[in-house]
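# Summary of the model geometry
Each chain, written out:
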Amino acid sequence: MGLFIRKPFEALQAEANASGKKTLKRVLGPWSLVALGVGVIIGAGLFSITGTVAAGYTGPAITLSFAIAALGCCFAGLCYAEFASMIPVAGSAYTYSYATMGELIAWIIGWDLVLEYTVAATTVSISWSRYLVVFLEGLDIHLPQALTACPWDGGVVNIPAFLIVVLMSLFLIRGTEGSSIFNGFIVFLKVSVILIFVILGWKYINTDNYTPYIPANTGILGEYGFSGILRGAAIVFFAFLGFDAVSTAAQETKKRNMPIGILVSLLVCTVLYMVFAHVMTGVAHYTAFSGQQGIAPVAIAIEHMGQADAAGIIQPDYPWLNRAIVLSILFGYCSVIMVTLLGQSRVFLSMSHDGLLPPFFSHINEKFRTPARSNLLFMVLVGLLAAFVPARLAGEMTSIGTLMAFTLVCAAVLVVRRTMPDVPRSFKTPLVPLIPILGILTCLCMMLFLPADTWIRLVLWMLIGLDIYVGYGMKHSKLEHGDTRHGQVTLNMIGLILAVLCVITGLWHQQTVGWGESKVLLIISFVFAFTHCAYYMWRIWRR
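This one's a predicted model, so the numbers in the text were calculated from it and none came from an experiment. (Residues numbered from 1 in each chain as written. Predicted model: local features only at pLDDT ≥ 70, side-chain atom pairs only at ≥ 80, totals over all residues. Heavy atoms only, no water.)

## What about the overall build of the protein chain?
A count of helical and extended segments in the protein chain gives 19 helices and two strands. Among the 543 residues that make up the protein chain, the fraction classed as buried is 57%. Contacts in the protein chain between residues far apart in sequence, at least 24 positions, make up 80% of those at least 6 positions apart. Carbon and sulfur atoms form 70% of the exposed surface of the protein chain, whose accessible area is close to 21,600 Å². (Helix = DSSP H or I, 4+ residues; strand = E, 2+ residues; numbered from the N terminus. Buried < 20%, exposed > 50% of the residue type's maximum accessible area, 1.4 Å probe, protein only. Contact = heavy atoms within 4.5 Å. Areas by Shrake-Rupley, 256 points an atom, 1.4 Å probe, with all protein chains shown as cover.)

Structural data, given as structure tokens:
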């Protein structure tokens, strides 16, 4: 079948049932999986973007944005759950696509997932460093800016961001049993602080802050009104990213607990998010979260939990809670970094097992039974990115690739129901084809709400991945290898289409930001487009 050859289910099931020192250790039960999912979902999103979205796009209706985003995640989660119950192998959407849609599509999805996990770990590490500075300042300990920010943010190197990546990587190298216990403690702490915030803040809710619940649109698409709620859903969707990371640990589960891990973690986080946002926008008016203060919405809300004095200034009743929240955020970010680093190494593990990447990435340490070498490589890579990349640049690398992966997983359910109806699975996506189709439409709509520069980075990353696949992956695939595999014409056409998309997205982005602004992304897009057009035209001519 050439480049679209599918991995046999027999091979996947044999890999899932393998045991011994050269395999991953099965230590994760259903509640460990739920904690893993909650640990990565509740992180940067809840404690940072909630206030910004409420102030700029939705008002108090941010709860509706969370509901819409959660609905899209639910559709994708139901599809993930079916695949995880029938393909319990590390690798997430990559493995699912390899078994149903072929090697080339699986490579694209796996490459996208690695990008998302890398950028997420980098972004959260930088944010963790900033929160650490704030927390220490509350203790009258001041770290020099030169050692807590990259050169583009006024410093020299971000040492705390680098160190937290190193620490979390060492936990993972030690083994997921220890890391899951650590993660469970962090999840308990985070959820406890959120519940305390909700319980204490409920009595300070001022219902006048909910009027109007959906502020009138300003005349600009996406600024309040219904379009604002949809744009808010596209943004807060990033706060849900990570529930799919549970499925990357499928090979380390004791039983077929994957559907429970995915769906329960998603449900728990959705309820917590909506209640949290309801209290936050009830305690303080949504306009209070505008500007730079919106990056720490919890601190603003806590400052409004009190009684006004004679001068009309609110005196917080719980000043200690602010420090506790910052501390919980620091611990919460640890779990997000840990799970995203876990996802990176496990996807590369699966790709290396299949011969698409060098054997280096599938080497299992006999003592800890984890991919220690891969973990060390990502530790260095993500650590250096966190130390030297500015936060604004890392934050721009959003989740468009993961949304594409979700879309293709939903499509894969439609394929597997028709082509592999007899394969055993302990969970079936209900209401097929309705649920997968709704998942596809929801994810595509969210992708359209993302800015043009995210599309540029997605296309560039896919081109780089395609280059690696052409140079190494298709020549070393364990299922079928060589330069003469069937499907070369399709591969070359994909390369040409991506090159054309480079030009289109570059022009789109420049038109959006203005032709008088920086043209760096436009130039990079054109360079990638023309070099890859020439390369893939040469491949076509050579054949």
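Structure's up, so let's keep going.
## Focus: a nonpolar patch on the surface
Taken together, the side chains of Val-489, Met-493, Ile-497, Val-500, Leu-501, Ile-504, Met-537 and Ile-540 define a hydrophobic patch exposed on the protein surface, amounting to about 710 Å² of accessible area. Breaking the nonpolar patch down by element, the ones donating at least two residues are helix 18 (488-513) and helix 19 (520-542). Sort the elements by how many residues they give to the nonpolar patch and helix 18 lands first, with six residues. (Patch = residues over 30% accessible without salt bridge, like charges linked within 9 Å, V, L, I, M, F, W, Y side chains within 5 Å. Salt bridge = Lys/Arg side-chain N within 4 Å of Asp/Glu carboxyl O.)

## Quick notes on helix 13 (residues 372-388)
For helix 13, which comprises 17 residues, the first-to-last C-alpha distance of 24 Å matches the rise-based estimate of 24 Å (1.5 Å per residue) to within 8%. Of the surrounding elements, those touching the buried residues of helix 13 are helix 6 (103-138), helix 7 (159-174) and helix 12 (319-353). (Expected span 1.5 Å × (residues − 1).)

## Thoughts on the packing of helix 7 against helix 13
Following both chains from N to C, one finds helix 7 and helix 13 inclined at 165°, their axes separated by 8 Å at the closest point. Taken together, helix 7 and helix 13 sit at an angle that is classed as roughly antiparallel. Here the hand of the crossing between helix 7 and helix 13 comes out right-handed. Counting all contacts with helix 7, which are made through Ala-161, Phe-162, Val-165, Val-166, Ser-169, Leu-172 and Ile-173, the residues of helix 13 involved are Ala-372, Asn-375, Leu-376, Met-379, Val-382, Gly-383, Leu-384, Ala-386 and Ala-387. By residue class, the composition of the contact of helix 7 with helix 13 is 13 nonpolar, three polar and no charged. (Axes fitted to C-alpha atoms, helices over the stretch in contact; angles between N-to-C directions. Parallel < 35°, antiparallel > 145°, perpendicular 65-115°, else oblique. Left-handed = near helix turned anticlockwise from the far one by under 90°. Nonpolar A, V, L, I, M, F, W, Y, C, P; charged D, E, K, R; others polar.)

## Looking at the pattern of salt bridges
Scanning all chains against the criterion turns up one salt bridge. The salt bridge partner of Asp-453 is Arg-457, with a shortest N-O separation of 3.3 Å. Of this pair, Asp-453 and Arg-457 both sit in helix 17 (residues 452-476), four residues apart, which is roughly one turn of that helix. Taking the relative accessible area as the measure of exposure, Asp-453 reaches 11% and is therefore buried.

## Concerning the environment of Ile-314
Along the chain, Ile-314 turns up in strand 2 (residues 314-316). Owing to a relative accessible area of 30%, Ile-314 belongs among the partly exposed residues under this scheme. C-alpha separation for the pair Ile-314 and Glu-303, spaced 11 residues apart in sequence, amounts to 7.4 Å. If sequence neighbours within four positions are ignored, Ile-314 has contacts with Glu-303, His-304, Gly-306, Gln-307 and Ala-308.

## Comments concerning the packing of aromatic side chains
For the coordinates displayed, the defined rule picks out 14 aromatic pairs. Taken together, Trp-107, Trp-111, Phe-348, Phe-360, Phe-361, Phe-378, Trp-461 and Tyr-469 form an aromatic cluster joined through their ring pairs. (Phe/Tyr/Trp six-rings, centres within 6.5 Å; stacked < 30°, edge-to-face > 60°.)

## Regarding the packing of helix 12 against helix 13
Interhelical geometry of helix 12 versus helix 13 gives an angle of 130° and a closest axis separation of 10 Å. For the element pair helix 12 / helix 13, the angle class is oblique. When the axes of helix 12 and helix 13 are compared, the crossing they make is right-handed. Side by side, helix 12 and helix 13 meet where Leu-341, Gln-344, Ser-345, Arg-346 and Phe-348 of the first sit next to Ser-374, Asn-375, Phe-378 and Val-382 of the second. Tallied by class, residues from the contact of helix 12 with helix 13 come to four nonpolar, four polar and one charged.

## Remarks on the environment of Val-459
Tracing the backbone through its elements, the reader meets Val-459 in helix 17. Here the alpha-carbon distance between Val-459 and Leu-498, two residues 39 residues apart in the chain, equals 6.3 Å. Sequence-distant contacts of Val-459, defined by excluding residues within four places in its chain, comprise Leu-498, Leu-501, Cys-502 and Thr-505.

## As for the environment of Gln-145
By the element assignment, Gln-145 lies in the loop between helix 6 and helix 7. Taking the C-alpha atoms as reference points, Gln-145 and Gly-155, 10 residues apart in sequence, are found 5.4 Å from one another. Setting aside residues no more than four positions away along its own chain, Gln-145 makes contact with Asp-153, Gly-154 and Gly-155.

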